[in-house]
Number of protein chains: 2
Amino acid sequence: MEVDYSNIKVIGFDADDTLWVNETYFRQAEEEFASLLDGYETKNKIDQELFKMEIKNLHLYGYGIKGFTLSMVESAMDLSNNNVPQKVINQILDIGKRMITQPVELLNGIEEVLENLQSKYRLIVLTKGDLLDQERKVERSGLEKYFHHVEVLSDKKEKNYQNLLEHLEIKESEFLMIGNSLKSDVLPLVNIGAKAVHVPFHTTWEHEKVKEGEDNGDYLKLNSIKDILNYL
Amino acid sequence: MEVDYSNIKVIGFDADDTLWVNETYFRQAEEEFASLLDGYETKNKIDQELFKMEIKNLHLYGYGIKGFTLSMVESAMDLSNNNVPQKVINQILDIGKRMITQPVELLNGIEEVLENLQSKYRLIVLTKGDLLDQERKVERSGLEKYFHHVEVLSDKKEKNYQNLLEHLEIKESEFLMIGNSLKSDVLPLVNIGAKAVHVPFHTTWEHEKVKEGEDNGDYLKLNSIKDILNYL
């Protein structure tokens, strides 16, 4: 694919599943949740109901571990008809706490890429989720030194990106976003006239999946984030 | 008090209990929580244990309604020795959801102050808590039009303010913060050489209280936010 990145001044990096592992921990939490509720419903039904609960509560809780934990608690009540033992509620709270304190595991090649790009571009972290949680992960990751700053957005829709670029006082054509979610990190950028690079992670949350046909627009897809150094 | 605000270019407004009512809803929630747990412990003990739980979890959950709700759930387990009926857990989740969707009630004089200052200064909202929750309150409040933008900080310590001012590219001496919390909105600003105005709210969360003797430094205290118009 022919790409011209000569105008780019600022590069936004998605954090979860772009800089470090994240979705894997949610998948593990869902597995554990299903084990805790084993006996009330089939694993398949438990998975489905938890996902439905998350989506139902998304407009209230937004993204992140705290909202996910609250949805697990509510879902445990629903799935068991309020019969789940109280100690299971404690175990659910513990799953959430463990996720929050999980060590940060960097994805392959990230440091090399950031090291290489930091002198040529203004690099920012651009993520959604819990503010405190994301700030803490940046700190623990040891990657803080490469970034100008961290922006946590309540959502990653076109409007959120437009507001951000206005706030940062940069033009759409000068901005490049790199991330693992087509829906959140790539398509909204393409739609507002910015550039985007898609680096898929092996697991994608159901809610972030894009339907066939929605994926129109020009962007660069790379199998490894390291390959970006061939373009920038 | 003699004050010189001639250098000021940017004014930061705290949100909760400065622009609109907030703490009152937490107090109501605590009352309801105590009623739900009535019989397991005295009201006084329930209040104390919930507060302890919030502080214990603060480093994990940060500020905001979601963390508060998770702490209520955990506290209900503890206070009842895991005997609390499951439907009470549902009622606790409902308290949290109701708080999130609570209508925004502006404090007296706020619109007049913002209307008056918006042409002379760059006004920003500077708050801690859940990002989504705070953005939503700004939107619902109808005050969005007065503000350049909203900054949600994970905490309001000196370091957070310093990072922010650096990010906004303004000098300490050009910044004035207005808020109801001495601990979060006033003293850290005074300590880094910025200006601050204290407008107390009738209720202060225990955690935000300042001990005798910690309150040194120069700042302006006003009984009503409208009085700021006499100085700016």
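Because the structure is a prediction, the values reported are computed rather than measured. (Residues numbered from 1 in each chain as written. Chains lettered and ligands numbered in written order. Predicted model: local features only at pLDDT ≥ 70, side-chain atom pairs only at ≥ 80, totals over all residues. Heavy atoms only, no water.)

### Observations regarding helix H2 (residues 43-61) of chain A
Where H2 of chain A bends most, the angle comes to about 30°, and this point is Ile55 of chain A. When H2 of chain A is considered as a whole, its buried residues turn out to be Ile46, Glu49, Leu50, Met53, Glu54, Asn57, Leu58, Leu60 and Tyr61 of chain A. On its buried side, H2 of chain A packs onto helix H1 (23-36) and helix H3 (65-79) of chain A together with helix H3 (65-79), helix H4 (86-101) and helix H6 (131-141) of chain B. Immediately downstream of H2 of chain A, the backbone of Gly62 of chain A shows phi near 70°, a positive value. (Bend = angle between axes of the 7 residues up to and from the residue. Helix = DSSP H or I, 4+ residues; strand = E, 2+ residues; numbered from the N terminus. Buried < 20%, exposed > 50% of the residue type's maximum accessible area, 1.4 Å probe, protein only. Contact = heavy atoms within 4.5 Å.)

### Description of the domain arrangement of chain A
Residue and element names in this part refer to chain A. Per the domain assignment, the segments of chain A are domain 1 (10-20 + 105-230) and domain 2 (23-101). Using only C-alpha atoms to locate each centre, domain 1 and domain 2 end up separated by 28 Å. At the interface, 18 residues of domain 1 touch 14 residues of domain 2. Taken over both partners, the interface formed by domain 1 and domain 2 buries close to 1400 Å², and the fraction arising from carbon and sulfur atoms is 53%. On the domain 1 side of the contact with domain 2, Asp130, Trp205 and His207 bury the most area, a combined 42% of that side's loss. The interface formed by domain 1 and domain 2 includes 0 salt bridges. (Domains from an automatic or database assignment. Buried area = accessible area lost by both parts, 1.4 Å probe. Salt bridge = Lys/Arg side-chain N within 4 Å of Asp/Glu carboxyl O.)

### Some points on the interface of chain A and chain B
Listed as interface residues are 40 residues of chain A and, on the opposing side, 40 residues of chain B. Our count for the contact surface shared by chain A and chain B stands at 4 salt bridges. Ionic pairing is found between Glu74 of chain A and Lys97 of chain B, a salt bridge with its closest N-O pair at 2.8 Å. Connecting chain A to chain B are 18 residue pairs in polar contact (both at pLDDT 80 or more). (Polar contact = N/O pair within 3.5 Å; in protein donor to acceptor, adjacent residues only side chain to side chain.)

### Examining the environment of Thr42 of chain B
Residue and element names in this part refer to chain B. For Thr42, the position within the fold is in the loop between helix H1 (23-36) and helix H2 (43-61). Given a relative accessible area of 48%, Thr42 falls into the partly exposed group. Measuring from C-alpha to C-alpha, the distance between Thr42 and His207 comes to 22 Å, with 165 residues separating the pair along the chain. At a separation of 3.1 Å, a polar atom in the side chain of Thr42 contacts the main-chain amide nitrogen of Lys45.

### Looking at the relation of the copies chain A and chain B
To go from the first copy of the chain to the second, apply a rotation about an axis and then a shift along the same axis. Turning chain A through 180° and shifting it by 0.0 Å along the axis lays it on chain B, with an RMSD of 0.0 Å. When the rotation and shift are considered jointly, the pair of chain copies conforms to a two-fold rotation axis. Mapped onto chain B, 100% of the interface residues of chain A again fall at the interface, so both copies present the same surface. (Least-squares fit on C-alpha atoms with pLDDT ≥ 70 in both.)

### Side note on the sheet that holds strand E6 (residues 220-221) of chain A
All names here are of chain A. Sheet architecture is open: 6 strands sit in the order E3-E2-E1-E4-E5-E6, paired in parallel fashion. The sheet is open, and its two edges are formed by strand E3 (149-153) and E6, each paired on a single side. Here strand E5 (residues 195-198) pairs with E6 via 2 bridges, running parallel. Paired with Val197 across the strands is Leu220, a residue of E6. The strands touched by helix H7 (residues 158-168) are strand E2 (122-128), E3 and strand E4 (175-179); relative to E3, the strand with the most contacts, the crossing angle is about 150°. (Pairing = 2+ DSSP bridges. Axes fitted to C-alpha atoms, helices over the stretch in contact; angles between N-to-C directions.)

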